[in-house]
Structures are given as C-alpha cells and as structure tokens.
Amino acid sequence: MQDPNVKIALPPVVSRLLGALRRAGFSAYVVGGCVRDSLLGRTPGDWDICTSARPEQIRRVFAGYRQILTGEKHGTIAVIVGGVPYEITTYRVDGAYHDGRHPDSVRFVPDVRQDLARRDFTVNAMAYAPGEGLVDAFGGRADLRAGIIRCVGNPRERFEEDALRVLRAVRFAAQLDFALDCATGEAAVAARDTVMQVSAERVFTELDKLLAGPAVGRVLSAHGGILSGAIPEIAPCMGCTQPGRWHCYDVWQHTAAAVGALNTAGQEEKSARLLRWAVFLHDLAKPECRTLGPDGAAHFPGHNQRGSRMARTILGRLKAPGYVMEGAAGLIAVHDCALPEDRLGTLQMMSRCGVVFLQRLCRVKLADLAAHAHNAAVEARVRDVRAFESRVLELSATACYSLNMLAVNGSDLIENGMAPGPAVGRTLNSLLQAVMEERLPNEKSALLAYVQSLQKEHQP
C-alpha cells in the first residue's frame, strides 16, 4: 500500500542524499526505524536509506564523499557527510540463514517492496520518499496505531532466520509500550532457546535497551518466558511463591514490578544502567534459597549474597561492562540489609560505603519495597529508607565522615612529631571516629592538640 498524503520532515542532508540518487536515475527511500519514529512523532536517532542503485553505483553517485565500505558485500555503503555516516543500502532479499543470525548470501532486487518483505516487524518495514509518500506493504502503520509488534509474514520463519529478533520483539514492546501480536508472541516463546546462538554482547545490548524502556515493568511481567531464553535463571522465579505478610507476588512478578517502579531520575546514564540491572537481578537467587516456616511463610536466607554471586555470573556471561557487574553485584549483596536509624550509625555507613553507593542503595530498596504487599509494615520500611536517604543527604553536606575530609592528614601528624609508620594511619582513623562521635571538632588545632595529649600520656 502506498499513501502519497503522508508527509515526513527529513533533515536537509538526508533530502540531499535521496535527491542525488534520484537525479542519477535510481529510486530511493528512507526506511525502517526512522520512518517508524517519525510516524510516532519521535525524533529518529539515525536515518537509513535504501535504493535501487547497486553498491558500485552508490559509490559513483557519492564519489565526492568519504565512504565506509565494510558493508559493501551486503549492499551497504556508508557515506560520510559532516562527519556523520549515513548508511545507503541496495534493495535486497536474504538467502538462507544457517547460523540463525546472518544470511549466507544476499541478492539485490529492483523493488523496495521486496526489500521490506525481509524485515523483522511490520512497524520497521515501511519506507518513505518525498513526492511518493509512505510505502507500507505489511500494515505497519495500522500496527503503530494499534500498538502492536507483529512479525512481517510468518513469525516462526522470521525468528528462525535471526534469533536476535526474539529479544528485539520484547525490547520494542518495552520501548514503544506496545503489545506482542499473539502469533508473534507464541513464536517467540517457541524460539526462545535459539537466543543462545546470539553473541553475548548483542544479547546484553538488547536487554539493556529493554530495561530502559518506559513499559519495562509490564513487558517483563508478560514475557518472562521469552526472556528466560537469554537468562535461564528467570525460569525458576516464575511461579516461585512468597507467602507471608511481606509479598503479594511470586518472585518474577515482584521483579517485574520492582524494575517498573525504579526511579532513575537525575542519574547519569552509567548510574541509571547499573541500577536497572541491580533491580532486575536482585532476587533471582530466591528460588535456590526458599524455605517455609512453621506458619507457612516463605523465607529466603542468604539470597542477598547468593544473588550477588549469581549476578556476577550472569553479567559475566553477557560480557557486561565491568562497572555494571561490580555496581550491580555490590548493591544486590546488601539490598535487603537493615539501615541505621541514628546519626552516628549513618556516618559510619557513609564512611564504609560512600555516599553515592548509599544513595543508589536507597533507590534499589524503594523499588524493591514498591513491589511488596501494601500494608503498615511495608509502609514503615519505606519511611525508614526515606528518612535514611534524607539523613545521608544532610550529613554529606555538613559532616565529616571520611579521612580526606579531616582537617589534618598524615603529613600534619609527622610534622608534629609522630614517627612515620602504621601508627599514623591508626591515629587518623581514631581522629575520624572521634569527630563522627562529636567528641572532637574537625579543626586542625584541636585535632593536633588531642594527638599531642595522647603522645604525652604514652611517654615513659
């Protein structure tokens, strides 16, 4: 179907590239995600162009530009304009997929509709050109209106061709707040184990984008069965009940609700990423730790520490960035710990863990508690976390809680007669403790006078 009434505002450089191809006698369109996002009123992240021109013809049309030719075998030439690469690809159909990921060969074709037929989902299988309008042969625009992720053609065949599409289906549902078409969802469940054929880095990237999606909580809740193909540890969590006063969900539904409740506002991207992964993985060890008390309530002794180890295993398997692995595993190890309620205990925890870690821990705890039962006991815990969070914020601006905040350092102690050696470090730690306990002010003269008084007491 072609709709000449559809208008998409193209960046000037994209219009120039399309115009150059058309003036040279070739058809050319923007295609895929940029068309989808434009129809949704979003700003596309990049603009892909497809054309009837063969790779060698694309090279001639843009001979005056720097080009990247690494994708030429599959019909893609990247043309560099203003330092930005724009991928221009010849219309093609794919040959057989024997590795479940990449076509063994491609065949160039003259018609854009043939090219669109090989794509993954209908919402990604639309093309647009000024003057011609929208080319939508598979109902992508209707699926956008309906909020549906649907495979182009037979979903089983699409997933057999490329196993990464199994995860992409769920990721797009989370990013766009769409539902999976029934046939697509059933085929994704059937094909979930083929995700193991996909490189760990690509799996991590898809899951990472999924976790950042605005509809992540709903999508995790609905599609744990699909995601267990990428992370098998999810499967035992589904249906693992948590009877007792604290919980109203099984472990997987609790996880989904917690991820959906996580607040990452104001966090820089690295911090937000490790928070999402920490909440996503925080309870996956519970099925291994589950016990039932005499009253029938479920208990999960040791699930923090075992969960931390499990998170390291999973993130290592996915070849996640080191900061994600370390940050998430550290938070999971203490996500269920008690928090001090007094000033000194808070300062001591700030000294041990650091303010940034504790602020992240509070966000994990609040997301976790938001996915608990709604009762007075849970509400009391929420108040305790918020009070601790406020105390940390206040004390971080007003109190001394680390050695580098002390008004004296090792050089000061040595200059005042202390012999270099381990005693310097012990003395500094004693001074810090005294300042946190408010037995001494954090003033250089007072701290040095205190050290001198101790030295006199120990003189023979």
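Residues numbered from 1 in each chain as written. Predicted model: local features only at pLDDT ≥ 70, side-chain atom pairs only at ≥ 80, totals over all residues. Heavy atoms only, no water.

**What to know about the side chain of Thr-346**
Mapping Thr-346 onto the fold places it in helix H16 (residues 343-353). The buried category is assigned to Thr-346, whose relative accessible area is 0%. Here the side chain of Thr-346 touches Asp-342 through a polar contact of 2.8 Å, landing on its backbone oxygen. Apart from residues lying up to four places away in sequence, Thr-346 is in contact with Pro-340, Phe-388, Arg-391, Val-392 and Leu-395. (Helix = DSSP H or I, 4+ residues; strand = E, 2+ residues; numbered from the N terminus. Buried < 20%, exposed > 50% of the residue type's maximum accessible area, 1.4 Å probe, protein only. Polar contact = N/O pair within 3.5 Å; in protein donor to acceptor, adjacent residues only side chain to side chain. Contact = heavy atoms within 4.5 Å.)

**Looking at the layout of surface pockets**
Empty space among the atoms can be located by rolling a probe the size of a water molecule over them. Volume-wise, the second largest pocket comes out at about 690 Å³. If you go around the second largest pocket, you meet 33 residues; those closest to its centre are Trp-246, Asp-336, Leu-369, His-372 and Arg-381. Taken together, the elements giving at least two residues each to the lining of the second largest pocket come down to strand E14 (298-299), helix H14 (303-317), helix H17 (355-370) and helix H18 (376-398). Element by element, the count of residues in the lining of the second largest pocket is highest for H18, at 6 residues. Broken down by class, the residue content of the lining of the second largest pocket amounts to 14 nonpolar, 9 polar and 10 charged. (1 Å grid on protein atoms, 1.4 Å probe; cavity = no way out; pocket = protein on both sides within 12 Å on 5 of 7 lines; lining within 4 Å. Points joined across faces, edges and corners; volume = space filled by probe spheres on them. Nonpolar A, V, L, I, M, F, W, Y, C, P; charged D, E, K, R; others polar.)

**A closer look at the state of the cysteines**
Under the counting rule described, the total for this entry stands at 0 disulfides. You can see Cys-151 has no disulfide; the closest cysteine sulfur is in Cys-182, sitting 13 Å from it. Look at Cys-151 and you get buried, because its relative accessible area is 3%. You can see Cys-248 has no disulfide; the closest cysteine sulfur is in Cys-240, sitting 15 Å from it. Here Cys-248 falls in the partly exposed class, since its relative accessible area comes to 44%. (Disulfide = S-S within 2.5 Å.)

**Overview of the sheet that holds strand E1 (residues 2-3)**
The strand order across the open sheet built from 8 strands is E1-E10-E9-E2-E3-E6-E5-E4, with neighbouring strands paired in mixed fashion. This sheet does not close on itself; its edge strands, each paired only once, are E1 and strand E4 (66-68). Sheet topology note: the E1/strand E10 (residues 133-135) ladder contains 2 bridges and is antiparallel. Residue pairing across strands places Gln-2 opposite Val-135, the latter belonging to E10. (Pairing = 2+ DSSP bridges.)

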